[in-house]
Amino acid sequence: MKKYLLLALLPLLYACSDSPNRNRGINYDEVFAKDTQGLDILTGQFSHNIDRIWGVNELLVASRKDYVKYTDSFYTRSHVSFDEGNIVIETQKDLNRLHNAIVHTLLMGSDAKGIDLFASGDVPISSRPFLLGQVVDNNGQQIANQFIAGNFATYLIQNKLQTRRLQNGNTVQFVAIPMIANHVEVRAQKYLPLVRKAAQRYGIDESLILGIMQTESSFNPYAISYANAIGLMQVVPHTAGRDIFAMKGRSGQPSARHLYDPANNIDAGVSYLWILQNQYLNGITNPTSKRFAMISAYNSGAGAVLRVFDNDKDEAIYKINQMYPEQVYRILTTAHPSSQARNYLLKVDQAQKKFRVRR
């Protein structure tokens, strides 16, 4: 289980956008990081509650690829690791509380709008569970309703219950539920109609969209980062969100509620790819070189990508156009000042190849 210790909550909201006035000599990993700096909606009171109840080194919070929900005044929590394909539900209360948390987690919906992951309370049971098809019960049956979920919860508590002791002396009872082997592909399939619609609307390859979605959130609709990037494609409202709204002739920025809607989020993320392709990186002539630059820019901003080649935008584009795509890729994965941005291009390119093959 991943533990997240928050030593400071100072928002650095630079991800998924371009900022032209960044100075040389700063720590680019801090500037470009999407999920390593101050999640501004995570209050000090929330972390205080967790420290008080669970003890030090036990702070577990929602992130890009981890769904975490506390219930029972923070004494029970559910953790879905969408990367690792594992669900852990644990409580310091009685087994009835654990049973309830198992059922609510297995039957939670895919609509994250209005769900406060940093408050204590059950997520509503859905008639269309988000985890449907990603988890099976002890009989190999899909968990589609409360009857099946309740029976599975009873089985887990009777046969798979584990305990551990916290540093503060409290005892935790928990169950671990593995997801099926191809859980990522199952989630991707859920969003394929929306991806195809956006791909056609903006002229962006659907395999690229899927590759970015997997890298950003592992198709977790509840995704939130410490940079306040939201949803499946991790759109930051006050940066990329403003660009997207401006492109659509709207003022201001999208709300968190707007971006937690999967259709809105995918449209916003693909809109931003269109902006990168047709505005910020428009002068790059080779489509493969432009794709590499777009992927890197989605993470760190177009200005940061171009400055890898030259401080002058036009000169940077000229230099890129003199290179083979393989050279552009090598430079962006070795010379970009942010290690996160370097790794990001590697990950998205690999994920895109996988989805391109499976189309």
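Source: prediction; values computed, not measured.

Calculation notes
- Residues numbered from 1 in each chain as written.
- Predicted model: local features only at pLDDT ≥ 70, side-chain atom pairs only at ≥ 80, totals over all residues.
- Heavy atoms only, no water.
- Salt bridge = Lys/Arg side-chain N within 4 Å of Asp/Glu carboxyl O.
- Helix = DSSP H or I, 4+ residues; strand = E, 2+ residues; numbered from the N terminus.
- Buried < 20%, exposed > 50% of the residue type's maximum accessible area, 1.4 Å probe, protein only.
- Pairing = 2+ DSSP bridges.
- Axes fitted to C-alpha atoms, helices over the stretch in contact; angles between N-to-C directions.
- Expected span 1.5 Å × (residues − 1).
- Polar contact = N/O pair within 3.5 Å; in protein donor to acceptor, adjacent residues only side chain to side chain.

(A) Examining the pattern of salt bridges more closely. For the structure shown, the criterion picks out 15 salt bridges. The salt bridge partner of Arg-77 is Glu-58, with a shortest N-O separation of 2.9 Å. Of this pair, Arg-77 sits in strand β2 (residues 76-81) while Glu-58 is found in the loop between α2 (44-54) and β1 (66-71), placing the two residues 19 residues apart along the sequence. Accessibility classification places Arg-77 together with Glu-58 in one group, the buried group. Between Lys-113 and Asp-111 there is a salt bridge; the shortest N-O distance is 2.9 Å. One salt-bridge network, in which partners are shared between bridges, spans Glu-58, Arg-77, Glu-90 and Arg-164.

(B) Main features of the sheet that holds strand β3 (residues 86-91). Taken in spatial order, the 5 strands of this open sheet run β1-β2-β3-β5-β4, and their pairing is antiparallel. Looking at the sheet topology across the chains shown, the edges are occupied by β1 and β4 (162-165). Neighbouring strand axes in the sheet, compared pairwise and without regard to direction, differ in orientation by 20° on average. The sheet contact formed by β1 and β2 spans 6 bridges and is antiparallel. What sits directly across from Thr-71, in β2, is Thr-76.

(C) Local environment of helix α9 (residues 262-280). Look at α9: 25 Å from first C-alpha to last across 19 residues, which is about the 27 Å you get at 1.5 Å a residue. The N-terminus of α9 is capped by Asp-261, whose side-chain oxygen sits 3.0 Å from the backbone nitrogen of Ala-263.

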